[in-house]
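Here is how the chains run, residue by residue.
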Amino acid sequence: MIRIEAEPWEVMVSHARKTYPNECCGAMLGSTEEGHKLVRVAIPLENAFAGVQAQRYELRPEDLLAADKAARARQMDLIGIYHSHPDCDAYFSKTDLQNSCPWYSFLVLSIQKGEFHHANSWLPNFEQTEAAKEELHY
Ligand SMILES: [Zn+2]
């Protein structure tokens, strides 16, 4: 189960709307207690994918490392990654699976015609073959 506080939620939705029709991406910081994740801060990161960004995103390892450091400086953890799907469902794509890590929650925001439509959070397995839908509250 993952719960997202109002402020980081607002940050992520406005980031996704701003980068539309391209994909946005970023880091989610917070805490995990007894399997319950709480997102308290969202950090927008640059989509570093060199090609067409409407269907792809890429995070720089050094940006993720910086987000991890920022989390620890606030006594939090890097608990997830978010990205948007412009004019597309909030599913977890094959590419998303290939670029996933099993220890993070992956939030996907569906942005349709520039406006927020729906979101899903995914938990990929270690083999990167499938992702389970995580209970999401925001
Ligand atoms: Zn995706």
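In this report, we go over the structure that sits alongside the text. (Residues numbered from 1 in each chain as written. Predicted model: local features only at pLDDT ≥ 70, side-chain atom pairs only at ≥ 80, totals over all residues. Heavy atoms only, no water.)

**Some thoughts on the nonpolar core**
As a reminder, the rule being used: We define the nonpolar core as a collection of buried residues of types Ala, Val, Leu, Ile, Met, Phe, Trp, Tyr and Cys that are connected through side-chain atoms lying within 4.5 Å of one another. Burial classification: accessible surface area is computed with a 1.4 Å probe over protein chains only, and a residue below 20% of its type maximum counts as buried, one above 50% as exposed, and the rest as partly exposed. Only DSSP runs of H or I reaching four residues or more are called helices, and only runs of E reaching two or more are called strands; each is numbered from the N terminus. Any two residues whose heavy atoms approach within 4.5 Å at even a single point are treated as in contact.
Grouped together as the largest cluster of nonpolar side chains are 21 residues, with contacts concentrated most on Leu29, Leu59, Ile81 and Phe106. Of all the secondary structure elements, the ones that give two or more residues to this core are β2 (25-33), β3 (36-45), α2 (61-73), β4 (77-86) and β5 (105-112). Beyond its immediate stretch of four places on either side in the chain, Leu29 contacts Leu38, Val39, Arg40, Val41, Ile43, Ala67, Ala70, Ala71, Met76, Asp77, Leu78 and Ile79. Core analysis: the next-biggest nonpolar cluster, separate from the first, contains 17 residues, Met12, Val13, Val39 and Leu109 among them.

**As for the coordination of the zinc ion**
Which entries qualify depends on this criterion: Ligating atoms shown are N, O and S within 2.8 Å of the metal, or 3.2 Å for Na, K and Ca, and water is not included, meaning a site may look less than complete.
Within the protein, the zinc ion binds to His83 (NE2), His85 (NE2), Asp96 (OD) and Asp96 (OD); these donor distances fall in the range 2.0 to 2.5 Å. Mapping the donors of the zinc ion onto the primary sequence gives the spacing H-x1-H-x10-D. The class of His85 is buried, set by a relative accessible area of 5%.

**Description of the environment of Arg40**
The topology assignment puts Arg40 in strand β3. Overall, Arg40 belongs to the partly exposed group, its relative accessible area being 37%. Along the primary structure Arg40 and Ala90 are separated by 50 residues, whereas in three dimensions their C-alpha atoms are 21 Å apart. Not counting residues up to four positions away in its chain, the partners in contact with Arg40 are Glu5, Pro8, Leu29, Gly30, Ser31 and Met76.

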